[in-house]
Amino acid sequence: MAPTAEPHPVADAIDKYGVEEIVRIVYITGYGPFRNILTNPSSQITSSLLPQTPLYITLTPTKTLKIIITPHPVPLRVAYADIQHDVTHIFDTQPFDYILHVGVGLAGGYKLETVAHGNGYFRGDVDGLVPGGEKAHDEAELKRLGLLRHWGGEWVVDVNGEGGGDAGWLGTGLDVDWICGKVRRGKLMFSEDEAGRRTVTVDDEEDTSRHHHKPTLPPITTITTEIDPTTQSHHPKQKNGYIIHPSTNAGRYLCEYIFRKSLEHAIAVREDPDARKPWDWRKSSSATSGEPDPETEAENISKRVLFMHVPNVGQPYSIEDGVRALEQVVVGMVLDGEGFRHLKKGK
């Protein structure tokens, strides 16, 4: 269950040195145990940042970006009904500008998911149920019905099979290629300043990533699943960064389901003028530059939601590696979402 709302944070517009501070909050969640995953690395990673973790980025000599990472206090239960409730409660009570969900995936590196579907959730949760509360078919029956296919040594949901098509998919508006590129090449560097604050330096090299566009429907060759990764082979680490890539299929299980529900909620609160918006906390702060721009709100709404798959421990990364990679993804989310990708060295 989601926590009750914390007091709204307050962002000082100008500090005593004349530096404007822009504050953005990123809410993160991780999952609990399921199937053979007795200790889920996603919640180990997210809980490492409790109760809150602030990061500071100098945008210009007179402007600083403060990113507050706020983890959900407990692992989310791997159950469709619980996620339906928890996502609603988080959106109804928590102040945040962005939300990043984390779950366990296959070995070999990290993946940022780009699309979430409205159907194809055939596999049962920890209660043996599917969305809507019906009892799930067992694996043998799903195979007999043609809802699973053998791919890459595992049985995965057949996105081209009956009921597994692409109708009603939603996508993040973030430039996932750009974010992955920064993390993969080690361009987001962390250090500690004289005041003991964790700061981030961005290597603002010329952007050579391909132009971002809305995700196309996922090809079958890029499936990412949430099947127990403990049987996968070990992959070597990549130097000067982390192995991370975009993905167009999040596995049609609880990871994709929570991604979908958060995207749905973000769209719903945009379309309802009376709905409580998690990012409205800024209107009560003194940071006038931090208020959402109503003219760009519709365009940026899908940039507020993202999902990250992490490998199990030792395949090849540790929990500490996962924490560092997650922090870099968070920084990339905010830089892209706020239009701060190209930092200016002067005023």
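Residues numbered from 1 in each chain as written. Predicted model: local features only at pLDDT ≥ 70, side-chain atom pairs only at ≥ 80, totals over all residues. Heavy atoms only, no water.

Thoughts on the overall build of the protein chain
- Of the regular secondary structure elements, the protein chain holds seven helices and 13 strands.
- In the protein chain, once contacts between residues fewer than 6 apart in sequence are set aside, the share between residues at least 24 apart is 80%.
- Accessible surface, the protein chain: about 15,300 Å² in total, of which carbon and sulfur atoms supply 51%. (Helix = DSSP H or I, 4+ residues; strand = E, 2+ residues; numbered from the N terminus. Contact = heavy atoms within 4.5 Å. Areas by Shrake-Rupley, 256 points an atom, 1.4 Å probe, with all protein chains shown as cover.)

Description of unusual backbone geometry
- Omega for the bond connecting leucine 50 with proline 51 falls within 30 degrees of zero, at -5°, which places this linkage in the cis form.
- Cis geometry marks the peptide bond from glutamine 315 to proline 316; its omega dihedral reads 0°.
- Relative to the elements of secondary structure, proline 316 occurs in the loop between strand S13 (305-310) and helix H7 (319-337).
- Unlike most non-glycine residues, arginine 35 shows phi in positive territory, near 45°.
- Topologically, arginine 35 is positioned in the loop between strand S1 (20-29) and helix H1 (41-47).
- Positive phi values are uncommon outside glycine, yet arginine 252 reaches one of about 50°.
- Topologically, arginine 252 is positioned in the loop between strand S12 (244-247) and helix H5 (254-271).

Observations concerning the confidence of the model for the protein chain
- Mean pLDDT over the protein chain stands at 80; residues scoring 70 or higher make up 73%.
- Between residues 210-238, whose pLDDT stays under 50, and residues either more than four places distant or in other chains, the model counts 90 contacts.
- A low-confidence stretch, residues 292-296 (pLDDT under 50), is modelled with three contacts involving residues beyond four sequence positions or located in other chains. (pLDDT = per-residue confidence, 0-100.)

A word on H7
- Along its 19 residues, H7 runs 26 Å from first to last C-alpha, staying within 8% of the 27 Å computed at 1.5 Å per residue.
- The buried count for H7 comes to 17 of 19 residues, which makes it a mostly enclosed element.
- Where H7 begins, one side-chain oxygen reaches toward the backbone nitrogen of glutamate 320, 3.4 Å away; that side chain belongs to serine 318. (Expected span 1.5 Å × (residues − 1). Buried < 20%, exposed > 50% of the residue type's maximum accessible area, 1.4 Å probe, protein only. Polar contact = N/O pair within 3.5 Å; in protein donor to acceptor, adjacent residues only side chain to side chain.)

Observations concerning the packing of aromatic side chains
- In this structure the tally under the stated criterion is eleven aromatic pairs.
- Each ring, one from tyrosine 80 and one from tyrosine 121, has its centre 6.3 Å from the other, and the planes form 75°; the classification is edge-to-face. With tyrosine 80 in helix H2 (residues 80-93) and tyrosine 121 in the loop between strand S6 (115-116) and helix H3 (139-144), the pair connects residues that are 41 residues apart, well separated along the chain. In this pair, the class of tyrosine 80 matches that of tyrosine 121, namely buried.
- Through successive ring pairs, a cluster of aromatic residues spans Phe34, Tyr80, Tyr121, Tyr253 and Tyr257.
- In this structure, arginine 35 is placed above the aromatic ring of tyrosine 253, and the distance from its NZ or CZ to the ring centre is 4.4 Å.
- Cation over ring: arginine 304 sits above tryptophan 279, and NZ or CZ is 4.0 Å from the ring centre. (Phe/Tyr/Trp six-rings, centres within 6.5 Å; stacked < 30°, edge-to-face > 60°. Lys NZ or Arg CZ within 6 Å of the ring centre and 35° of its normal.)

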